[in-house]
Amino acid sequence: MLFMGTYTPKLDDKGRLFLPAKFRDRLAEGLVVTQGQDKCLVVWPTDVFAEEAERQAARPMTNRAARRYARVLFAGGDESTPDKQGRVGIPAHLREYAGLERDVVVIGVRDRLEIWNPAAWREFQLEALEEFADLDEDDD
């Protein structure tokens, strides 16, 4: 299943996110929420996170970038399973990292979801769309 689309669910008073309904079956077996780049959170299905962990394990720990990536990926991660209503708790340290309050934006990005603060998403989107419009193929 490919994760696609943009959704605007809300966090409840306990910091739980209502997952978009179309993704609940894919995430029902479990998921991992981690810090992402650009101050967003990444929601990985457990099996996809395991593949990412394998890719990370294949990188030499003598590589500074590999060590830094591993530390951020695993130290901030939280493994969970959605409840019967399709909610998943987002720990306080992850909500703080991404600047999440009540309103959030959830986007599908191929094999994962990203959770954004709405203002940060709008800012990123404006910049990215401008760059996207300027993309040109190399004629090599």
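Since this is a predicted model, take the numbers as computed values, not measurements.

K.L.:
Just to check I follow, could you spell out the overall build of the chain for this structure?
P.N.:
Scanning the chain from terminus to terminus reveals 5 helices and 8 strands. Counting the 140 residues in the chain, one finds 38% classified as buried. Long-range pairs, those at least 24 residues apart, make up 59% of the contacts in the chain between residues at least 6 apart in sequence. Only carbon and sulfur atoms are counted for the fraction: they give 50% of the accessible area of the chain, which is about 9,000 Å². In the chain, 20 positive and 27 negative side-chain charges are present, and the distance between their average locations comes to 9 Å.

K.L.:
Got a minute to help me understand the sheet that holds strand 4 (residues 41–45) in this structure?
P.N.:
Sheets are built from strands paired through backbone hydrogen bonds, the pairs being either parallel or antiparallel. Read across the open sheet, the 6 strands follow the order 1-7-8-4-3-5; overall the sheet is antiparallel. Lying at the two open borders of the sheet, with one neighbouring strand each, are strand 1 (6–7) and strand 5 (78–80). In this fold helix 5 (residues 118–133) packs onto strand 1, strand 7 (105–109) and strand 8 (112–116), with an angle of close to 110° to the strand it touches most, strand 8.

K.L.:
How should I be thinking about the side chain of Thr34 in this particular structure?
P.N.:
Note on placement: Thr34 falls in strand 3 (residues 31–35). According to the relative accessible area criterion, Thr34 is buried, its value standing at 0%.

K.L.:
Just to check I follow, could you spell out the side chain of Arg112 for this structure?
P.N.:
Following the sequence through the fold, Arg112 ends up in strand 8. Of the polar contacts made by the side chain of Arg112, one reaches the side chain of Asp111; its length is 2.9 Å. Apart from the residues lying within four places of it in its own chain, the contact partners of Arg112 are Phe3, Val42, Val43, Trp44 and Ile107.

K.L.:
So what exactly am I meant to see when it comes to the UniProt feature "domain: SpoVT-AbrB" (unreviewed entry) in the chain here?
P.N.:
Taking the UniProt record as the reference, the feature "domain: SpoVT-AbrB" (unreviewed entry) is found at residues 6–48 and 77–120. Taken end to end, residues 6–48 has its terminal C-alpha atoms 20 Å apart, with 16% of it in helix and 35% in strand. A distance of 21 Å separates the end C-alpha atoms of residues 77–120, which is 23% helix and 36% strand.

About the criteria used
Residues numbered from 1 in each chain as written. Predicted model: local features only at pLDDT ≥ 70, side-chain atom pairs only at ≥ 80, totals over all residues. Heavy atoms only, no water. Helix = DSSP H or I, 4+ residues; strand = E, 2+ residues; numbered from the N terminus. Buried < 20%, exposed > 50% of the residue type's maximum accessible area, 1.4 Å probe, protein only. Contact = heavy atoms within 4.5 Å. Areas by Shrake-Rupley, 256 points an atom, 1.4 Å probe, with all protein chains shown as cover. Lys, Arg positive; Asp, Glu negative; His and termini not counted. Charge placed at Lys NZ, Arg CZ, Asp CG, Glu CD. Pairing = 2+ DSSP bridges. Axes fitted to C-alpha atoms, helices over the stretch in contact; angles between N-to-C directions. Polar contact = N/O pair within 3.5 Å; in protein donor to acceptor, adjacent residues only side chain to side chain. UniProt positions renumbered as here; feature names shortened; annotations may be inferred.

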